[in-house]
Amino acid sequence: MKSSSPDACPCGLGPAYIQCCGRFIAGAVAAPTAEALMRSRYTAYAREDAAYLLATWHASTRPPVLDFEAPAPRWLGLDVRSHVQSDASHASVEFVARYRLSGRAHRLHERSRFVLDAGRWYYVEGEMPA
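Residues numbered from 1 in each chain as written. Predicted model: local features only at pLDDT ≥ 70, side-chain atom pairs only at ≥ 80, totals over all residues. Heavy atoms only, no water.

## Focus: the overall build of the protein
Looking only at helices and strands, one finds 3 helices and 4 strands in the protein. The helix and strand sequence of the protein, counted from the amino end, reads α-α-α-β-β-β-β. Considered along the principal axes of its C-alpha atoms, the protein spans approximately 40 × 35 × 30 Å. Burial statistics for the protein: of 130 residues in total, 42% are counted as buried. Within the protein, residue pairs in contact and separated by at least 24 positions form 39% of the contacts whose partners lie at least 6 positions apart. Carbon and sulfur atoms make up 52% of the accessible area of the protein, which amounts to about 7,400 Å² in all. Both charge centroids of the protein, one from 15 positive and one from 13 negative side chains, sit 6 Å from each other. (Helix = DSSP H or I, 4+ residues; strand = E, 2+ residues; numbered from the N terminus. Buried < 20%, exposed > 50% of the residue type's maximum accessible area, 1.4 Å probe, protein only. Contact = heavy atoms within 4.5 Å. Areas by Shrake-Rupley, 256 points an atom, 1.4 Å probe, with all protein chains shown as cover. Lys, Arg positive; Asp, Glu negative; His and termini not counted. Charge placed at Lys NZ, Arg CZ, Asp CG, Glu CD.)

Here's what the structure looks like:
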């Protein structure tokens, strides 16, 4: 459940932002798992941190730029449905992210693929489950 504290991490795990996803986004440490990277990327979307999102996107699929749409969505919560480590360097995370845009509620349901490359996890691509 997401904390209502103003310094709570948007990913919903509970600790303050700086002790949770903030340490990954600041570059203090690398996300240790694909799930931790996915949560930090959700947080980066909530904070509109394009630099972090691009830096954690694998070079094989990374877009040249990342623009946030206007008006910006208000991210409301994250539900991680599964984290599957298929081998030492590949994993997937299925999640549902809730957001509000122009007064309407939306849900983003995605199964994301991640790869461990040179000791760091990277987002590769996502698909919408049927």
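## Some points on the layout of surface pockets
If you add up the space inside the largest pocket, you get close to 460 Å³. Lining the largest pocket are 22 residues, with Tyr45, Trp75, Phe95, Leu108 and Glu110 sitting closest to its centre. Secondary-structure elements contributing two or more residues to the lining of the largest pocket are α2 (34–46), β1 (74–87), β2 (90–101) and β3 (104–117). A per-class count over the lining of the largest pocket returns 16 nonpolar, 1 polar and 5 charged. (1 Å grid on protein atoms, 1.4 Å probe; cavity = no way out; pocket = protein on both sides within 12 Å on 5 of 7 lines; lining within 4 Å. Points joined across faces, edges and corners; volume = space filled by probe spheres on them. Nonpolar A, V, L, I, M, F, W, Y, C, P; charged D, E, K, R; others polar.)

## Brief notes about the pairing of β3
Inspection of the sheet shows β2 paired to β3 by 12 bridges, in the antiparallel sense. Within the sheet, the bridge partner assigned to phenylalanine 95 lies in β3 and is glutamate 110. In this structure, the hairpin formed by β2 and β3 is closed by a connection of 2 residues, where serine 102 is found at a positive phi of approximately 50°. With 7 bridges joining them, β3 and strand β4 (residues 120–127) adopt antiparallel strand pairing. Within β4, the position partnered with valine 115 by the bridge is tyrosine 122. Two successive antiparallel strands, β3 and β4, enclose a turn made up of 2 residues, where alanine 118 displays a positive phi of approximately 55°. (Pairing = 2+ DSSP bridges.)

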